[in-house]
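Topology and contacts: notes
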Amino acid sequence: MIAFNCVQGSRFKVQGQCLEPSTLNLERVLRASGGFTFVELLIVGLIVVLVVNGMAWALASTGQNIWRQTDSRMASLAAAQRALDRLSEDLRRASQATVACTAGQVTFVPAAGGSAITYNVSNGSLVRTQDAAAQPMAAQITAFTPTCQANGLVRLELTAQVAMTSTASVTQPLSAQ
């Protein structure tokens, strides 16, 4: 607190000390009164803004990476599910007498006639072949196990490999009957 009632020619009193005008400067007065300078407040404000900005950038970057990874995994699993749905629909239209299951392959002829349809895994992809035309249905397939049962049902197991990081992966089995 600055007072103006000093004696003996001093004009200013700062925290109990009488100061001559020649020795009085703003920094000394502010320090003596316990406050902060504008420059100090400006520097602290800048540091706070930089820290908050860095945290916000890190959070946004992490969120985008997780979004891209999850989106890629979901797209792979959705493609495998669509392939399994297509295979199930083709089997529903097949003549029961023509369905043949072998290791990693199922072959059948549509009930309405036409050429045989074969599903198998080749180079990590589930492939549908009809009339010598091979059509990839889903990628990242590690296993395909069709099982022909005595009651005429065909059990299908399809395993898709989805990379989570550079060193880890998830195996997602998909089944249909």
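For the structure itself, look to the data block above.
Residues numbered from 1 in each chain as written. Predicted model: local features only at pLDDT ≥ 70, side-chain atom pairs only at ≥ 80, totals over all residues. Heavy atoms only, no water.

What follows deals with the nonpolar core. As a rule of thumb, nonpolar side chains are buried together in soluble globular proteins. Membership of the largest hydrophobic core comes to 21 residues, with the highest contact counts inside it found for L87, F108, Y119, L126 and F144. Residue contributions to this core peak at 6 residues, all from helix α2 (residues 38–92). The residues contacting L87, other than those within four sequence positions of it, are V106, F108, Y119, F144 and L156. (Core = buried A, V, L, I, M, F, W, Y, C linked by side-chain atoms within 4.5 Å. Buried < 20%, exposed > 50% of the residue type's maximum accessible area, 1.4 Å probe, protein only. Helix = DSSP H or I, 4+ residues; strand = E, 2+ residues; numbered from the N terminus. Contact = heavy atoms within 4.5 Å.)

Take the pattern of salt bridges next. Enumeration over the complete set of coordinates arrives at 5 salt bridges. The closest approach of N and O atoms between R92 and E89, which form a salt bridge, is 3.4 Å. Of this pair, R92 and E89 both sit in helix α2, 3 residues apart, which is roughly one turn of that helix. Since its relative accessible area comes to 32%, E89 is described here as partly exposed. The shortest N-O distance in the salt bridge between R128 and D90 comes to 2.9 Å. Here R128 is found in strand β7 (residues 125–130), whereas its partner D90 is found in helix α2, with 38 residues between them in sequence. In terms of burial, R128 and D90 fall into one category: buried. Salt bridges sharing partners connect three or more residues here, namely R86, D90 and R128. (Salt bridge = Lys/Arg side-chain N within 4 Å of Asp/Glu carboxyl O.)

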